Amino acid sequence: MTDTRRALLSALAAGPVPGPELAKELDVSRAAIWKHIEALREAGFDIEGGVDGYTIESIPDFGGDAVAFGLGAPYDIEFYESIGSTNERAREVAEDGTTGVVVLANEQTGGRGRLDREWLGPPGGIYASILTAPDRPPAHAPLYTLAAAVATVRACDAVDVRATIKWPNDVIVDRKINDSDGGGQSISSPEKNTESDASAGRGGLKLAGILTEMEGEADRVSWLVVGIGINANVDLSQLPPGATSLRAETGDDVDRRRFTQTMLEAYHDFSAEPDTILPAWRERTSTLGRRVRIETPNEVIVGEAVDITHPGALVVETDDARRTVHAGDCEHLRRDTTDDNI
Ligand code: BT5
């Protein structure tokens, strides 16, 4: 998306603006404005050209221009109906030094999880890779994974899906927590994945995952790509066991445009004030206070998760020590168990 297109969308978001005024404001010709208006119409915007100027009557459900329209964060959106992996594309974009770009897709055909695992990306999802270059040391990168998780949970709040974060990178819907909430917070789940429900006690149903990749020099990140995959308007039949989607949780399609905007705006706010990330994460995690089993490349650690420390390490009290775990796969164990084999 060009700067002009972004400026045009933000000018139009403020209300009707006459073409000549737009041309002056954006320092381009009237013909250029007209071309952009036509392109927006082709992208699905309904734009009226009245006496007061151009007015946006309706916005498409999803897409690059749709998300950029009224977005309260300074990102350019590069949108694909279908792509292999938005993280892959964001890495390519990063190569020439570009930053401040979100690669966004409706479908992923070669999505990646951590450790070369697969991430299923059926159409109707939200697959977003946020490319930035924060002025921070590479060791701080995990903080941005946590920021993305909190940003996603906040967007879930806005569509009445009560999600929590399972360390380090999963956004989950914990049936047990929801069931015991009683009233206000509880969610209906019209579509059930029985196999998944069986795993709820082990850490809930996975709604979103995050994959953070970066390149850096000794003291500074060169580029950082935070890839977020959200099962939005997707049927459970298209997802692996143990997964859920926003549609399955709410019983209806959600507004992916608004969801993406809320998430990107929250992520941007956290990135601007990294000191706010850990406190916000503590408020929305379901890992702290739980018995957990963490598999790292070298060992299995079982104990109670008691805190998170900068830049995203989990503090676990085992039977004989207090351990700080920087990376691994985490499973929530039932509170009453001492066995690591459930
Ligand atoms: C993750 O890995 O959870 C990170 C997923 C990141 C995906 C985003 S989408 C945008 C961007 N572009 C990419 O190519 N990737 C990022 P991990 O913690 O390793 O979990 C992977 C595991 O989750 C798989 O092995 C499956 O068991 C499960 N899984 C795969 N697809 C899923 C889905 N759609 N929903 C829930 N679980 C899924």
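Residues numbered from 1 in each chain as written. Predicted model: local features only at pLDDT ≥ 70, side-chain atom pairs only at ≥ 80, totals over all residues. Heavy atoms only, no water.

All right, on to the overall build of the chain then. A tally of regular secondary structure across the chain gives eleven helices and 16 strands. When each of the 342 residues of the chain is scored for burial, the buried share is 53%. Considering only residue pairs separated by 6 or more positions, the chain has 64% of its internal contacts joining residues 24 or more positions apart. Carbon and sulfur atoms form 44% of the exposed surface of the chain, whose accessible area is close to 15300 Å². (Helix = DSSP H or I, 4+ residues; strand = E, 2+ residues; numbered from the N terminus. Buried < 20%, exposed > 50% of the residue type's maximum accessible area, 1.4 Å probe, protein only. Contact = heavy atoms within 4.5 Å. Areas by Shrake-Rupley, 256 points an atom, 1.4 Å probe, with all protein chains shown as cover.)

It is worth spelling out the packing of aromatic side chains at this point. Evaluated as defined, the whole model comprises two aromatic pairs. For the pair F45 and F69, a centre-to-centre distance of 6.0 Å together with 75° between the ring planes defines the contact as edge-to-face. Taken together, the positions of F45 in the loop between α3 (30-42) and β1 (46-50) and F69 in the loop between α4 (64-68) and β3 (76-80) put the pair 24 residues apart, joining distant regions of the chain. There is no split in this pair, since F45 and F69 are both buried. Taking 5.5 Å as the distance between ring centres and 90° as the angle between the ring planes, the aromatic pair formed by F62 and F79 counts as edge-to-face. With F62 in the loop between β2 (53-58) and α4 and F79 in strand β3, this residue pair connects regions lying 17 residues apart in the sequence. (Phe/Tyr/Trp six-rings, centres within 6.5 Å; stacked < 30°, edge-to-face > 60°.)

Now for the sheet that holds strand β9 (residues 170-173). The strand order across the open sheet formed by seven strands is β3-β4-β7-β11-β10-β9-β8, and the pairing between neighbours is mixed. Since the sheet does not close on itself, it has two edges, and those belong to β3 and β8 (164-166), each with one partner. Averaged over all adjacent pairs, the angle separating strand axes in this sheet is 20°, with direction ignored. Relative to strand β4 (residues 101-105), β3 is paired through five bridges, and the arrangement is parallel. Opposite Y80, over in β4, you have A105 as the bridge partner. Contacts between helix α6 (residues 141-158) and the sheet are confined to β8, β9, β10 (205-216) and β11 (221-230), with β10 contributing the most and set at about 150° to the helix. (Pairing = 2+ DSSP bridges. Axes fitted to C-alpha atoms, helices over the stretch in contact; angles between N-to-C directions.)

With that settled, consider the environment of I33. One can find I33 in helix α3. Residue I33 is classed as buried on the basis of its relative accessible area, which comes to 1%. The spatial distance from the C-alpha of I33 to the C-alpha of T4 is 8.7 Å, given a sequence separation of 29 residues. Not counting chain neighbours up to four residues away, the residues in contact with I33 comprise L8, G19, L22, A23, L26, V28 and Y54.

As a further point, take the site of the ligand. The environment of the ligand is made up of 27 residues, and the closest members are S85, R112, R117, K206 and N231. For the ligand, an oxygen atom lies 3.4 Å from a polar atom in the side chain of N169. Ranked by residues supplied to the shell around the ligand, first place goes to β10 with four residues. Looking at the shell around the ligand, its residues break down into nine nonpolar, twelve polar and six charged. (Near = heavy atom within 4 Å. Polar contact = N/O pair within 3.5 Å; in protein donor to acceptor, adjacent residues only side chain to side chain. Nonpolar A, V, L, I, M, F, W, Y, C, P; charged D, E, K, R; others polar.)

For the chain, the average pLDDT comes to 90, and 89% of its residues sit at 70 or higher. This model gives residues 177-190 a pLDDT under 50, and the stretch forms 24 contacts once residues within four places in sequence are excluded. (pLDDT = per-residue confidence, 0-100.)

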